[in-house]
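One letter stands for each residue in the lines below.
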Amino acid sequence: LEEEKYSLQTFVHRDGKVGEIFCTVHKMVSGRSLKVEKMANARLENIGLRFANAMASEGWFGPLNIQCQRLQSGEFIAYELNGRFTGATSARYHLGFDEVGDTLHTLFGLRLENNKSSISASRQVSKYVTTLPIPDEAEITFRNQGKWQSDPPIEPNTET
């Protein structure tokens, strides 16, 4: 489970309809996906559809994530099922799959104002685990205004 993981994300609607199945492959290091790449794979999509239909038949609705491994034979096998958003939700957003926005729209009719420039057309994203300081002024702004200040983002230090 440490090298590559395949992840399928979808949404099962109240009426049992299955939404888009978004497939990604993850480069795993110490249990964390450090690189996430969008992929198209009919076999994975079929696995996702079959699990989503099975969950819908049991009354499930909401986000659904299926994690798979590829066997030496080339076949995929599902090993984990999650009825939730996962840690790769933001990576999928940057790959063009806005599952949180779609869920809010589906369940509550809400449309969030998206910054379309932040959704990338690239096929992969890298995730960095880093600790960033929050300046005192930013915390004060958040407490007083209920939102973070809009200063340029702090660039993560990627040195090891």
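Everything that follows concerns the structure shown earlier in this document.
Residues numbered from 1 in each chain as written. Predicted model: local features only at pLDDT ≥ 70, side-chain atom pairs only at ≥ 80, totals over all residues. Heavy atoms only, no water.

Regarding the overall build of the protein
Counting its regular elements, the protein contains 4 helices and 6 strands. Put simply, the protein runs from its N terminus to its C terminus through helices and strands in the order β-β-β-α-β-β-α-α-β-α. When burial is assessed residue by residue, the protein has 32% of its 160 residues classed as buried. Expressed as a percentage of contacts within the protein between residues at least 6 apart in sequence, the contacts between residues at least 24 apart total 54%. Of the roughly 10600 Å² of accessible surface on the protein, a fraction of 51% belongs to carbon and sulfur atoms. (Helix = DSSP H or I, 4+ residues; strand = E, 2+ residues; numbered from the N terminus. Buried < 20%, exposed > 50% of the residue type's maximum accessible area, 1.4 Å probe, protein only. Contact = heavy atoms within 4.5 Å. Areas by Shrake-Rupley, 256 points an atom, 1.4 Å probe, with all protein chains shown as cover.)

Overview of the pairing of strand β2 (residues 22-29)
Most of β2 is tucked away, with 6 of its 8 residues classed as buried. Pairing of strand β1 (residues 4-12) with β2, which is carried by 6 bridges, proceeds in the antiparallel orientation. Each residue of the ladder has a partner; that of L8, found in β2, is C23. Where β2 and strand β3 (residues 32-39) come together, 7 bridges link them in antiparallel fashion. Looking at β3, one finds that V25 is bridged to E37. (Pairing = 2+ DSSP bridges.)

As for the packing of aromatic side chains
By the definition in use, this model includes 2 aromatic pairs. Centroid distance Y6 to F76: 5.0 Å. Interplanar angle 75°. Geometry classified as edge-to-face. Of the two residues, Y6 sits in strand β1 while F76 sits in strand β5 (residues 76-82), which places them 70 residues apart along the sequence. Here Y6 matches F76 in class, with each residue buried. For the pair F22 and F97, a centre-to-centre distance of 4.6 Å together with 10° between the ring planes defines the contact as stacked. (Phe/Tyr/Trp six-rings, centres within 6.5 Å; stacked < 30°, edge-to-face > 60°.)

So, the nonpolar core
Ranked by internal contacts, the top residues of the largest apolar core, which has 16 residues, are Y6, L8, C23, M39, L44, I47 and C68. Listed by contribution, the elements that provide at least two residues to this core are β1, β2, α1 (42-57) and β4 (62-70). The greatest single-element share of this core, amounting to 4 residues, is contributed by α1. Setting aside chain neighbours within four positions, we find C23 in contact with S7, L8, E37, K38, M39, N41, L44 and E45. In this structure, V36, A88, A91 and L95 belong to the second largest nonpolar core, which totals 7 residues. (Core = buried A, V, L, I, M, F, W, Y, C linked by side-chain atoms within 4.5 Å.)

Concerning the side chain of E99
With respect to the helices, strands and loops of the structure, E99 is situated in helix α3 (residues 99-108). Only 2.6 Å separates the side chain of E99 from the side chain of R92, close enough to count as a polar contact. Setting aside chain neighbours within four positions, we find E99 in contact with Q9, F85, T89 and R92. (Polar contact = N/O pair within 3.5 Å; in protein donor to acceptor, adjacent residues only side chain to side chain.)

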